[in-house]
Structure formats: C-alpha cells, structure tokens
Amino acid sequence: MSEQESLKSSSARNRGGVQRVEGKLRASVERGDYYEAHQMYRTLFFRYMSQSKHAEARELMYNGALLFFSYNQQNSAADLSMLVLESLEKSGAKVDDETLEHLAKLFSLMDPNSPERVAFVSRAIKWSSGGSGKLGHPKLHQLLALTLWKEQNYSESRYHFLHSSDGEGCAQMLVEYSSARGFHGEVDMFVAQAVLQFLCLKNKTSALVVFTTYTQKHPSIEKGPPFVQPLLNFLWFLLLAVDGGKLTVFTVLCEQYQPSLKRDPMYNEYLDRIGQLFFGVPPKQSSSYGGLLGKKHPYHFLSCETSLDAGVCSQFH
C-alpha cells in the first residue's frame, strides 16, 4: 500500500470513528441527557486535540453545537461553539469560506442577548484576521452583517457592513433602516455616515456603491444627481473629488456645504481624515475642529446651499 493510500485509509477510519461517536452522542441528546452529552463532547474534544486531530475535533464540536441549538440548549451549544474557535486558534487553520460560513452559522443561532455571543464574535473576528492585525475578514463581516440585518439590529449590522466589501448590501440595509426607524428629513444622513466612514477606511469602491445603490433604491429620494437634498449633492461631488485628488476642489466643497455638514458634528471629523488620506492635508494638531475644516469659511453668510451646486460643479471642469 502506498503512503497516499495509507493516509486515505487512515482518514476514512477516523471519519468512521467520528460518525459512530456522533451517533451515540446524538442518542443521548435525543433522550434529554443534555448534561451528560455535553460533558462527553468536551472530553472527546480535548482527547482529539491532544492527539492533534484538530479537524476531527472541530467537526465534532460544530455538529454538536448545531445539535444542541436544535434542542434550544443555548449554553451547551455556545460552549461547543467556543471550542470550535479554540481548535481553529490552536491548530493554525487557514481562513477559508467554508469555515467562515460555519462560524457565521453558529453566530446566527446564538441568543442575540447572550454574553457568549459577544465573546464568540470577538474571537471569531480576531481569528479571521489571520494575525494580520486587521479588523477581521471581510467575508465574515458580511455574513455577520446579514444575520444582524435579519434581526433588525441595524446599527450593529452597519458596523459589520463597513468592514466588509459589500457596499450594495449595506445600502439595501440602510434603505430599510431609514424607512423603519428614521425621520423623513434624515434620509440623506443615513447614507452620509456610511459614505464618509467607508472613505475613512480607504474603501472608495464601497463608498461609491453604497451611495449609488442607496440613492437609486430609497423611495423618498428623487432621481439624481443633482438631488433635492444638498447633503447628497455634497457626497456626489466628494466622490468625484476623491478620484481627482485636487485639494482646492475639496477645500471649496467643504466650505460651501458647511451648513449641511454642521447637521452632525462627526462629519467634519470624518472629512479631516478624508483630507489626510486623499488630498495630502496634514494631520490636525488639536482635537478641536482646527485646520482646513475648522476655519470660518468665506461663504458663511450663505444659508441656502442648493444655489451653490452649479458653482461647485464648475470646479470639476
């Protein structure tokens, strides 16, 4: 027998062994012996891990967690879910789509209000970054965002969409969020925050997609550009300016739209960062609105921005 055939035979035996064990554990759970079954799962996990059978340990814990979730045994299911993560962390397993989907599945089945869910998602995101120091794998963030969206946890969903590459999904969620929870006069502010935050994360593509999709699909926004809402026109011009990289255009744009930008004190903070990332503006020295965006602009006497759109537009030609 060749070495390759030997490995295949060993793998088949291991798989058969896992299936037999799972059958016994499933029978215990079906009888309602939850505590006994839970302890047996834990014993087998540590036995497999000590034998470096990481994949078998992970598969057993994943299927066990799903089984406990199906019987509404949240605590046992959450504990086995954490062991899935432990096997990933200790084995140095590579990040792949199937594993990310498994983690997202476990997350979706956990009680949204449980502290275990918070701990689980924190560790899952850290593992998915692969030691890169980044804020987690974009695919995992997308899957988490979709689950939270279904739960109508819009603010948490938005956070995870921002760290994914799914600008279209983010926009569709924001349309629902705005329609369900926002005031009519705030339709522009929902997308403004997302566009500015995507740009602060240097994700120009998603910033453009979220803006375009949101403005096309929101029932309260008339077709543009130009738009009725000055803030939407500002975002449109900003996305054009980011591609051009001209500081003078960025400066005039921020000056002329200050009345809209004052609707949320965070806008100028975001724009300070965008100025640094895309237009070569030096970092501000103080925490107050200093530098480019903090100065009193020469158009401060203008109260109606709609009339400024044509003037700003001329800066792009």
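Residues numbered from 1 in each chain as written. Predicted model: local features only at pLDDT ≥ 70, side-chain atom pairs only at ≥ 80, totals over all residues. Heavy atoms only, no water.

Looking at an unreviewed UniProt entry, one finds the protein named Golgi to ER traffic protein 4 homolog, with Cyprinus carpio carpio as its source organism. According to UniProt, the comment filed for the protein under the heading Subcellular location (unreviewed entry) is "Cytoplasm, Cytosol". Under the heading Sequence similarities (unreviewed entry), UniProt records this for the protein: "Belongs to the GET4 family." (UniProt positions renumbered as here; feature names shortened; annotations may be inferred.)

Undergrad: Please provide a residue-by-residue account of the packing of helix H7 (residues 138-150) against helix H8 (residues 154-162), values included.
TA: The N-to-C vectors of H7 and H8 enclose an angle of 165°; their axes lie 8 Å apart at closest approach. In terms of axis orientation, H7 runs roughly antiparallel to H8. The handedness of the crossing between H7 and H8 is left-handed. Where H7 approaches H8, its residues His141, Leu144, Ala145, Leu146, Leu148 and Trp149 are matched on the opposing element by Tyr154, Glu156, Ser157, Tyr159, His160 and Phe161. Taken together, the residues of the contact of H7 with H8 sort by class into eight nonpolar, three polar and one charged. (Axes fitted to C-alpha atoms, helices over the stretch in contact; angles between N-to-C directions. Helix = DSSP H or I, 4+ residues; strand = E, 2+ residues; numbered from the N terminus. Parallel < 35°, antiparallel > 145°, perpendicular 65-115°, else oblique. Left-handed = near helix turned anticlockwise from the far one by under 90°. Contact = heavy atoms within 4.5 Å. Nonpolar A, V, L, I, M, F, W, Y, C, P; charged D, E, K, R; others polar.)

Undergrad: So what's going on with the packing of aromatic side chains? Which residues, and what values?
TA: One pass over the full model with this rule turns up eleven aromatic pairs. Note on tyrosine 154 and tyrosine 177: the rings are 4.8 Å apart at their centroids and 20° apart in plane angle, and the pair reads as stacked. One end of the pair, tyrosine 154, is in helix H8; the other, tyrosine 177, is in helix H9 (residues 167-181), with 23 residues separating them in the sequence. The class of tyrosine 154 is buried, set by a relative accessible area of 2%. Ring geometry for phenylalanine 211 versus phenylalanine 227: centroids 5.8 Å apart, planes at 85°, classification edge-to-face. Of the two residues, phenylalanine 211 is situated in helix H11 (residues 204-217) and phenylalanine 227 in the loop between H11 and helix H12 (230-244); the sequence distance between them amounts to 16 residues. A residue is classified by how much of its surface remains accessible, and phenylalanine 211, at 4% relative accessible area, is buried. Looking at phenylalanine 227, the relative accessible area reads 6%, which means it is buried. Grouping aromatic residues by their ring pairs yields a cluster made of Phe234, Trp236, Phe237 and Tyr257. Cation over ring: arginine 117 sits above phenylalanine 107, and NZ or CZ is 3.8 Å from the ring centre. (Phe/Tyr/Trp six-rings, centres within 6.5 Å; stacked < 30°, edge-to-face > 60°. Buried < 20%, exposed > 50% of the residue type's maximum accessible area, 1.4 Å probe, protein only. Lys NZ or Arg CZ within 6 Å of the ring centre and 35° of its normal.)

Undergrad: Can you lay out the pattern of salt bridges for me, pointing to particular residues and giving the numbers?
TA: Using the criterion set out here, one finds seven salt bridges in the structure. The closest approach of N and O atoms between aspartate 79 and arginine 42, which form a salt bridge, is 2.7 Å. Taken together, the residues span a long stretch of sequence, with aspartate 79 in helix H4 (residues 74-91) and arginine 42 in helix H2 (residues 34-50) at a distance of 37 residues. You can call aspartate 79 partly exposed: its relative accessible area is 23%. One salt bridge connects glutamate 151 with arginine 117, and the closest N-O pair in it is separated by 2.7 Å. Of the two residues, glutamate 151 is situated in the loop between H7 and H8 and arginine 117 in helix H6 (residues 115-128); the sequence distance between them amounts to 34 residues. By relative accessible area, arginine 117 is classed as buried at 5%. (Salt bridge = Lys/Arg side-chain N within 4 Å of Asp/Glu carboxyl O.)

Undergrad: Break down the packing of H2 against H4 for me, citing the residues and quoting the values.
TA: Relative to each other, H2 and H4 sit at 5°, their axes nearing to 11 Å. With respect to each other, H2 and H4 are oriented roughly parallel. Across the interface between the two elements, His38, Tyr41, Arg42, Phe45, Phe46 and Met49 of H2 pack against Ser76, Asp79, Leu80, Leu83, Glu86, Ser87 and Lys90 of H4. In terms of residue class, the contact of H2 with H4 is made up of six nonpolar, three polar and four charged.

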